[in-house]
Amino acid sequence: MLKYTLRRLLIFIPMLIAISLLAFIISINAPGDPVDRLTKAAGNEGGADQQSGTAKKDKEAKRKQLGLDLPIFYFSIGDIASSDTLYKVQDRDHRENLEVLTHQFGNWIAVSNYYHALLSFQKSLQKINIDIIHQQDSSIDKVKSHDLLINLKNNIAGLLTLSKVSLVNSRIENIDEIINNNNIFNAISQEFKLIKEVRKEMELKQTRWKTYIPSVKWYGMNSQYHWWLLGDIFHLKKTERKGIIRGDFGISYADSQPIKDKIWEKVGISFTLSLFSILIAYLISIPIGIYSAYKKDSLADRGLSLILFILYSLPTFFVGTVLLLLFANPDFLVWFPESGIKDPTIWSNHPEWSDSVWDIFNWEKIKHQAPYLVLPLFTYTYGSFAFLSRIMRVGMIEIVSQDYIRTARAKGLSEKKVILKHALRNSLLPIVTVFAAIFPMSIGGSIIIEYIFTIPGMGTEMFNAILNYDYPMIIAFFTLIGFLTMVGYLVADLLYAVVDPRISYK
Amino acid sequence: MINKENKSDIIISSVFGLIYSLIFSFLIIEDVSNIMKLIYSVITVVFVGLIAKDIKSKDENDFTFKLIKKLSFGFLFGWILWPNFGLLIGPIIGFYLASMRKVDATNFSFQKYAWNQFKKNKIAAISLYLLVLLVLIARFAPIIANHQPLYAVYKGEVMYPAFSDEKTTIKITDPVTGEEEKLQFDIINWRQLNLESVIYAPIPYSPGKSDKYNRSSSPNSKQFFQNKKGELLEVSSRFRHHLGTDLIGADLFSGLIHGTRIALKVGLISMGIASFIGIILGAFAGFFGDRDLKMRRVKYYMTIIGLFFGFFYAFGQRKYIISDGFMQNSTEGVIQFSISILIIFTSTFLFRLFSRIISNNWLNTEVTVPIDSFISRGIEILNSIPRLISIITITAIVDRSLTVIMIIIGVTGWTGIARFTRAEFLRIKSLEFVQASKSLGFSSIRTIFKHALPNALAPVFVSIAFGIASAILIESGLSFLGIGVPDDVVTWGSLLSGGRQDSASWWLIIFPGMAIFITITIYNMIAEASRDALDPRLKS
């Protein structure tokens, strides 16, 4: 038994790593730039001076703080044409464009020169101040020059993110035209010439063959994945990040709060709801299963099967919405309240009722909250009735036809004792193991129910995260639920071996 | 296996294949380059020729008839399910069916037996008919529910607006006054025109098209429309919204009908992808187990290196070509993707070929590849994340589109099918016909796909039917929440979510919900009946 547990645990760890890899891959591919999202969340929109020196320096500092100026993984597989310092480029759009350009031309050095030429041109464009020039030479049309300057800025910004040859050429032509026809831009025409030269050089010195040869680049321990998963365990950088291992899921884009705190508040509610629902499902399904097995093929059995089958086929969101329509509708029947899990006015009158779920022994509180939970619980559980009672029924039928049941009956035991004492224990086997498997799924499966009944639990948090494109939150949920499900399966396997002494794993 | 007898068969079938593929390529796929069309035709002809090699019939005379029957079945099948691309798949399926050997030992055929058992279950037979009805509704949805008339005559000009492209513009010269008038199909209000003769679709509304005078109207309420003079009149029963409208006035009935299309499409395509992956992986895992896949060490390493290079060239180096292809249009993207898959196969093949040359002793020792463990680990990892969660997470980071959702639902759902296939193969492995084919010297792949797989498919079929039901459920759940599917696509889930916002509109909740419920029940019934028919031991 111990050997089996150890072996399962040993396999467990690589699977956890695999899940974390999967979650990490998804998080890396999420669109958008984290630094931009977080500065927006903190309320500091860049605005007009987004390209200015100080804003850029702030962004770089923030990037370093988040650990985004590191390579993504311990190693990367690419071709020999691509560069291994690409991760240092700050702007995500620029980075992606440079990748495409490197792939197009195969010569990283030339592409890098091109990029730097473009950047320096952009910088000098920033330095041009129309007002000063106007002061020196008042014959210049201020408005027109402003427009031209903005036009140039747009063009160069576009060039930094474009790679398609036709589009790039048209932008270069635009800039060419503006610079050649307006003397105010003579100062920067040198730099622009440099751009054109570098571009020509890039096209001439193409080495596309390089993109066909694979190569592996090593980056060592200093990679984003390492910091994401393990955090600062060796206290190398002395940052606050603890890594997923210690529960630090990062910072949410929505309000720049650490995700851990946000999740912890809501877990309790979803947890209680799913626990209750599983208990109720068992309480109802087991008797139904036993009864169906006992009166096999009778009218009651067939009727029950039909009803359960219909329940199983009804989608949860349909049933939930219909229940709301029928029982919480001001136009129809108002037996149950419509949304949420508590009434704010009544709640505020009882300051001793805490929000925490661990404090459930307050009878008043339960009485107040119970009506809110009836409809959600029913919607949660009805689907499992069919499933669980069928397992129970099949198990019971198989066991009731066994010989030892015949012996028990022949011995003269009452029917009740035969079924409840002997048959039940053996047929509980699959049920018990199913419990450990269902449990983690219930955390995730409640999104729909929490959405319909507006219950502020983990499901609603995840839903809001999706609406707000809050990727760290989504990935955190993904990882958390993945881990919990794996733990659930492990527990199920172990329970199986414990509950049934016949099973011994060698 | 070409011999004198079936030479004529092969010629006939190849000619058929060539003709249809030419028609298909040049007349039907429009926006694909000519080289691609040629490649398509060549691939199809080769494929058809390969399958036709095995066509054998008891009676030479009815071969052509059988061929035509299977071919037309294939065409119909493909056209109903997937116009355009289906015309490629349909005839291939038809030929495959034609190439299946007739069992002539006894007159007993398992398939016929299972089919009879299935038919005995009354509910299942009804479900099957209802399913055919649903498929027909889905196929002919644009004709059943369309706000444009099917046939209209305006000022002497005969038009078929429902069948023409949205952006058509027609210039009409009035025969009496001689003045010209431009009709733009996407903005004119057909009911206000003075049409000489017109035939409207049975439900004269399109899904998602707002009707500002009838917002949120229930099936029994008064409904209005504005006629040419601008007055508000009550609508005649021909033009009523029989099942009500939603918040913007879009007709519910037409939404339900067009939603059928999407539901069936989602079910079939996601399960198609899932079964493809699941069956192949399950077959290999079950057939070879942990001990039976033996190859020389060199070949094993070369396979891995070949796969690595294959993936590098197929998906690393060609990443931009593939994404450009998808941006252009989905057929181009699929073509580039298939070329990538081809590259993977070619590279693996070449590397394995190369391994034959090596003569080092250590490299030539036989090793066992525990492929069962690999695949089982993969299944476990995929199973450890609840399906809804992984689907929602991936939808969050990719663009919103129906095709992406279908692919994701398929890619997350193959584990059940793989498990069943694996279990069946573990059972079949020890049967005599497998050993017979091994001793005859047939390669493992031939044994798996030609001999063992047809016998292992019974529980897989049941699993697929259940899978389609759950795929439809997941998709409607996603569109109910509002994630994943773009806002302008009308599906049953999105209709239901419209009803949730305004709890007075009971019709928006009940009717789409019943549609989902009925479809899922149909598939569940078919799955249950198939399970009883195919394996009576499982009868519950």
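Caption draft 1: Geometry of the overall build of chain B. When helices and strands are tallied, chain B shows 19 helices and nine strands. For chain B, the share of sequence-separated contacts (at least 6 apart) that also reach a separation of at least 24 residues comes to 71%. Of the accessible surface of chain B, which amounts to about 28100 Å², a share of 64% is contributed by carbon and sulfur atoms.

Caption draft 2: Representation of the overall build of chain A. In terms of helices and strands, chain A carries 20 helices and two strands. For chain A, the residues scored as buried account for 43% of the 506 residues in total. Counted over contacts in chain A with a minimum sequence separation of 6, partners at least 24 positions apart contribute 72%.

Caption draft 3: A positive patch on the surface, seen in detail. All names here are of chain A. Together, Lys-56, Lys-57, Lys-123 and Lys-127 make up a region of like positive charge exposed at the surface. For the positive patch, the secondary-structure elements that each account for two or more residues are α3 (53–66) and α5 (108–127). Its place among the elements puts Lys-56 in helix α3. By relative accessible area, which is 32% here, Lys-56 ends up partly exposed.

Caption draft 4: Local environment of the interface of chain B and chain A. Facing the 45 residues of chain B at the interface are 53 residues of chain A. Taken together, the two surfaces of chain B and chain A that pack against each other cover about 4600 Å², and 77% of this comes from carbon and sulfur. Our enumeration of links across chain B and chain A arrives at one salt bridge. Summed over the shared surface of chain B and chain A, the result is six residue pairs in polar contact (both at pLDDT 80 or more).

Caption draft 5: Focus on the pattern of salt bridges. Residue and element names in this part refer to chain B. On inspection of all chains with the given rule, the structure shows twelve salt bridges over all chains. Linking Arg-531 and Glu-528 is a salt bridge whose minimum nitrogen-to-oxygen distance equals 3.7 Å. In this pair, Arg-531 and Glu-528 both sit in helix α19 (residues 506–534), three residues apart, roughly one turn of the helix. On the accessibility criterion, Arg-531 (23% relative accessible area) is partly exposed. What makes Glu-528 buried here is its relative accessible area of 15%.

Caption draft 6: Quick peek at helix α13 (residues 316–327) of chain A. Given a rise of 1.5 Å per residue, twelve residues ought to cover 16 Å, and the 16 Å separating the end C-alpha atoms of α13 of chain A matches this to within 8%. Here α13 of chain A lies mainly inside the structure; ten of its twelve residues are buried. Of the residues making up α13 of chain A, those classed as buried are Phe-317, Phe-318, Val-319, Gly-320, Thr-321, Val-322, Leu-323, Leu-324, Leu-325 and Phe-327 of chain A. Against α15 (363–400) and α18 (447–452) of chain A together with α17 (444–481), α18 (492–501) and α19 of chain B lie the buried residues of α13 of chain A.

Caption draft 7: Seen up close, the side chain of Ser-476 of chain B. Structurally, Ser-476 of chain B is set in helix α17. Sequence-distant contacts of Ser-476 of chain B, that is, excluding residues within four places in its chain, are made with Phe-317 of chain A together with Gly-493 and Ile-516 of chain B.

Caption draft 8: Representation of α19 of chain B. Between the first and last C-alpha of α19 of chain B there are 41 Å, a value that for 29 residues agrees with the 42 Å anticipated at 1.5 Å per step. In terms of burial, α19 of chain B is a largely internal element, 22 of the 29 residues being buried.

Caption draft 9: Up close: the environment of Tyr-294 of chain A. Structurally, Tyr-294 of chain A is set in helix α11 (residues 259–294). In this structure Tyr-294 of chain A touches Arg-409, Glu-415 and Ile-419 of chain A, once residues within four positions along its chain are discounted.

Caption draft 10: Molecular detail of the nonpolar core. If you look at the biggest cluster of nonpolar residues, it comprises 158 residues, and the most contacted ones within it are Trp-228, Ile-452 and Met-462 of chain A together with Phe-425 of chain B. Shared between two domains, this core takes at least three residues from each, and those domains are domain 1 (32–226) and domain 2 (259–499) of chain A. If near-sequence neighbours (up to four positions away) are discounted, Phe-425 of chain B is found in contact with Ala-283, Gly-286, Phe-287, Ile-448, Ala-452, Leu-453 and Ala-456 of chain B. With 35 residues, the next largest nonpolar core counts Leu-101, Tyr-114, Ala-117 and Ile-188 of chain A among its residues.

Caption draft 11: Expanded view of the packing of α11 of chain A against helix α19 (residues 458–467) of chain A. Residues and elements named next belong to chain A. Contact geometry of α11 with α19 gives a least axis separation of 7 Å together with a crossing angle of 135°. If you check the angle between α11 and α19, you find them oblique. For the pair α11 and α19, contact is made by Lys-262, Ile-263, Lys-266, Val-267 and Ser-270 and by Met-458, Gly-459 and Glu-461, respectively. A breakdown of the residues in the contact of α11 with α19 according to their chemical character gives three nonpolar, two polar and three charged.

Caption draft 12: Spotlight on the sheet that holds strand β1 (residues 151–154) of chain B. All names here are of chain B. Taken together, three strands build an open sheet; the order of strands is β2-β1-β5 and the sheet is antiparallel. Two strands bound the open sheet, and with one partner strand each, they are β2 (157–159) and β5 (197–199). Within the sheet, the average angular offset between the axes of one strand and its neighbour, ignoring direction, is 20°. Of the strand pairs in this sheet, β1 and β5 are connected by three bridges, and their pairing is antiparallel. Looking at the pairing, Ala-152 lines up with Val-198 of β5.

Caption draft 13: Examining the packing of α19 of chain A against helix α20 (residues 471–499) of chain A more closely. Residues and elements named next belong to chain A. Two elements in contact, α19 and α20, have axes whose closest approach is 8 Å; the angle formed by their N-to-C orientations is 140°. Between α19 and α20, the crossing angle belongs to the class labelled oblique. For the element pair α19 and α20, the recorded crossing hand is left-handed. The residues of α20 that touch α19, namely those facing Met-458, Glu-461, Met-462, Ala-465 and Ile-466, are Met-473, Ile-474 and Phe-477. For the contact of α19 with α20, the residue count by class is seven nonpolar, no polar and one charged.

Caption draft 14: Highlighting a nonpolar patch on the surface. Residue and element names in this part refer to chain B. Taken together, the side chains of Val-132, Leu-136, Phe-140, Ile-143, Val-158, Tyr-160 and Phe-163 define a hydrophobic patch exposed on the protein surface, amounting to about 620 Å² of accessible area. With respect to the element layout, Ile-143 can be found in helix α7 (residues 141–144). Accessibility expressed as a relative area gives 32% for Ile-143, which makes it partly exposed.

Caption draft 15: The arrangement of unusual backbone geometry in detail. Despite not being glycine, Thr-454 of chain A has its phi angle at roughly 45°, a positive value. For Thr-454 of chain A, a relative accessible area of 41% puts it in the partly exposed group. With a phi close to 50°, Ser-216 of chain B is a non-glycine residue in the positive phi region. Along the chain, the position of Ser-216 of chain B falls in the loop between β5 and β6 (224–226).

Caption draft 16: How the structure looks around the packing of aromatic side chains. Counting across every chain of the model gives 29 aromatic pairs over all chains. Ring geometry for Phe-73 of chain A versus Phe-75 of chain A: centroids 5.5 Å apart, planes at 70°, classification edge-to-face. Relative accessible area serves as the criterion here: at 22%, Phe-73 of chain A is assigned to the partly exposed category. For the pair Phe-308 of chain B and Phe-309 of chain B, a centre-to-centre distance of 5.7 Å together with 80° between the ring planes defines the contact as edge-to-face. For Phe-308 of chain B, a relative accessible area of 35% puts it in the partly exposed group. Linked through ring pairs, Phe-24, Phe-73, Tyr-74, Phe-75, Trp-218, Tyr-225 and Trp-228 of chain A together constitute an aromatic cluster. Across the ring face of Phe-442 of chain B, the terminal group of Arg-446 of chain B is positioned such that the distance to the ring centre comes to 4.3 Å. The residue whose ring lies beneath Arg-500 of chain B is Tyr-451 of chain A, and the NZ or CZ to ring-centre distance is 4.6 Å.

Caption draft 17: Structural detail: the side chain of Thr-102 of chain A. Within the secondary structure, Thr-102 of chain A is located in helix α4 (residues 92–105). Setting aside its immediate chain neighbours within four residues, Thr-102 of chain A contacts Ala-81, Ser-82, Asn-107, Trp-108, Val-111 and Thr-211 of chain A.

Caption draft 18: Summary view of the environment of Val-334 of chain B. Position of Val-334 of chain B relative to the elements: it lies in helix α11 (residues 330–354). Sequence spacing of Val-334 of chain B and Ile-322 of chain B is twelve residues, and the spatial spacing of their C-alpha atoms is 8.3 Å.

Caption draft 19: Broad picture of the environment of Ser-463 of chain B. All names here are of chain B. Mapped onto the elements, Ser-463 comes out in helix α17. Exposure remark for Ser-463: the relative accessible area of 12% places this residue in the buried category. On a C-alpha basis, the gap between Ser-463 and Leu-473 in space is 15 Å, while along the polypeptide they are ten residues apart. Those residues in contact with Ser-463, other than ones at most four positions away along the chain, are Met-271, Gly-416, Ile-417 and Phe-420.

Caption draft 20: Highlighting the pairing of strand β4 (residues 180–184) of chain B. Residues and elements named next belong to chain B. Bridge count for strand β3 (residues 169–173) against β4 is five bridges, and the pairing is antiparallel. Bridging across to β4, Ile-170 finds its partner in Leu-183. Joining the antiparallel neighbours β3 and β4 is a turn of six residues, in which Gly-178 adopts a positive phi near 80°.

About the thresholds
- Residues numbered from 1 in each chain as written.
- Chains lettered and ligands numbered in written order.
- Predicted model: local features only at pLDDT ≥ 70, side-chain atom pairs only at ≥ 80, totals over all residues.
- Heavy atoms only, no water.
- Helix = DSSP H or I, 4+ residues; strand = E, 2+ residues; numbered from the N terminus.
- Contact = heavy atoms within 4.5 Å.
- Areas by Shrake-Rupley, 256 points an atom, 1.4 Å probe, with all protein chains shown as cover.
- Buried < 20%, exposed > 50% of the residue type's maximum accessible area, 1.4 Å probe, protein only.
- Patch = residues over 30% accessible without salt bridge, like charges linked within 9 Å, V, L, I, M, F, W, Y side chains within 5 Å.
- Salt bridge = Lys/Arg side-chain N within 4 Å of Asp/Glu carboxyl O.
- Lys, Arg positive; Asp, Glu negative; His and termini not counted.
- Charge placed at Lys NZ, Arg CZ, Asp CG, Glu CD.
- Buried area = accessible area lost by both parts, 1.4 Å probe.
- Polar contact = N/O pair within 3.5 Å; in protein donor to acceptor, adjacent residues only side chain to side chain.
- Expected span 1.5 Å × (residues − 1).
- Core = buried A, V, L, I, M, F, W, Y, C linked by side-chain atoms within 4.5 Å.
- Domains from an automatic or database assignment.
- Axes fitted to C-alpha atoms, helices over the stretch in contact; angles between N-to-C directions.
- Parallel < 35°, antiparallel > 145°, perpendicular 65-115°, else oblique.
- Nonpolar A, V, L, I, M, F, W, Y, C, P; charged D, E, K, R; others polar.
- Pairing = 2+ DSSP bridges.
- Left-handed = near helix turned anticlockwise from the far one by under 90°.
- Phe/Tyr/Trp six-rings, centres within 6.5 Å; stacked < 30°, edge-to-face > 60°.
- Lys NZ or Arg CZ within 6 Å of the ring centre and 35° of its normal.

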